[in-house]
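Each chain, letter by letter, is given below.
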Amino acid sequence: MSRAFSPQYERVTGTRGDAPEVYAWSLSDGLPAIRVPLRAPDPDLILDLAALYEETFRRGRYERSLRYGQPLQWTIPPAVSEWIAARARGAPGALPESQ
């Protein structure tokens with residue numbers, strides 16, 4: 001099944017009492033570190049989502065089950081495809097605006 005690529009923002013919300021904190025980021029931003037509120041008197045926990053993702057990927061041994069040699073089943077606009085390739089080579093840059 002093919003699906004269109006759509007740059008969008010991901011969100012996560014943490015709440016302490018009536019004070020919600022919403023963290024939003026796009027694909028080009030990378031995963032943020034977020035605060036996880038704990039009960040007083042404990043201080044908030046800082047959760048590095050990028051590090052958590054990388055550790056989960058490593059421990060889950062996904063490289064053994066994912067088929068990186070196979071073509072993607074997404075329809076990706078050429079500008080976004082070029083951006084992905086550049087990021088994979090370590091080049092910085094913002095995700096192109098969707099048409």
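All values derive from a computational prediction rather than experimental measurement.

J.: I'd like a rundown of the overall build of the protein chain, residues and numbers included.
T.: The secondary structure content of the protein chain amounts to 3 helices and 6 strands. Along the protein chain, helices (α) and strands (β) appear in the sequence β-β-β-β-β-α-α-β-α when read from the amino end. When each of the 99 residues of the protein chain is scored for burial, the buried share is 11%. Summed over its atoms, the accessible surface of the protein chain is roughly 8,300 Å², and 55% of this surface lies on carbon and sulfur atoms.

J.: Give me the pattern of salt bridges: which residues, what numbers.
T.: Overall, the coordinates contain 4 salt bridges when judged by the stated rule. Glutamate 21 is paired through a salt bridge with arginine 35; the nearest N and O atoms lie 2.0 Å apart. Remark: arginine 35 occurs in strand β4 (residues 33-36) and glutamate 21 occurs in strand β3 (residues 19-26); sequence separation between them is 14 residues. Judged by its relative accessible area of 25%, glutamate 21 falls in the partly exposed class. The partly exposed category is assigned to arginine 35, whose relative accessible area is 37%. Members of the salt-bridge network, linked through shared partners, are Glu21, Arg35 and Asp44.

J.: Now, about helix α1 (residues 49-60): what can you tell me, with residues and values included?
T.: Residues that lie three or four places apart on an α-helix share one face, since the helix turns once every 3.6 residues. Compared with an ideal rise of 1.5 Å per residue, which puts 12 residues at 16 Å, α1 spans 16 Å between its outermost C-alpha atoms and is within 8% of the ideal. Two to three positions downstream of the cap, the backbone nitrogen of alanine 50 sits 3.1 Å from a side-chain oxygen, assigning the N-cap of α1 to aspartate 48. Positioned one or two residues after α1, arginine 61 has a phi angle of 55°, which is positive.

J.: Kindly report on the environment of isoleucine 84, identifying the contributing residues and their values.
T.: By the element assignment, isoleucine 84 lies in helix α3 (residues 78-88). When the C-alpha atoms of isoleucine 84 and serine 28 are compared, they prove to be 9.3 Å apart, with 56 residues separating the residues in sequence.

J.: Tell me about α3, and name the residues and values.
T.: Of the positions making up α3, those classed as buried are Val80, Trp83 and Ala86. Down the axis of α3, the buried side of the element spans an arc of 120°, and every buried residue falls inside it. Along α3, exposed side chains directed more than 90 degrees from the buried face belong to Pro78, Glu82 and Ala88. Directly after α3, the chain includes glycine 90, whose backbone phi takes a positive value near 95°.

J.: Requested: an account of the environment of threonine 15, with residues and values cited.
T.: Structurally, threonine 15 is set in strand β2 (residues 9-16). Distance in space between the C-alpha atoms of threonine 15 and arginine 35 is 9.8 Å, their sequence separation being 20 residues. Here threonine 15 is in contact with Pro20 and Pro37, once residues within four sequence places are set aside.

Reading the values: the criteria
Residues numbered from 1 in each chain as written. Predicted model: local features only at pLDDT ≥ 70, side-chain atom pairs only at ≥ 80, totals over all residues. Heavy atoms only, no water. Helix = DSSP H or I, 4+ residues; strand = E, 2+ residues; numbered from the N terminus. Buried < 20%, exposed > 50% of the residue type's maximum accessible area, 1.4 Å probe, protein only. Areas by Shrake-Rupley, 256 points an atom, 1.4 Å probe, with all protein chains shown as cover. Salt bridge = Lys/Arg side-chain N within 4 Å of Asp/Glu carboxyl O. Expected span 1.5 Å × (residues − 1). Polar contact = N/O pair within 3.5 Å; in protein donor to acceptor, adjacent residues only side chain to side chain. Arc of directions from axis to C-beta. Contact = heavy atoms within 4.5 Å.

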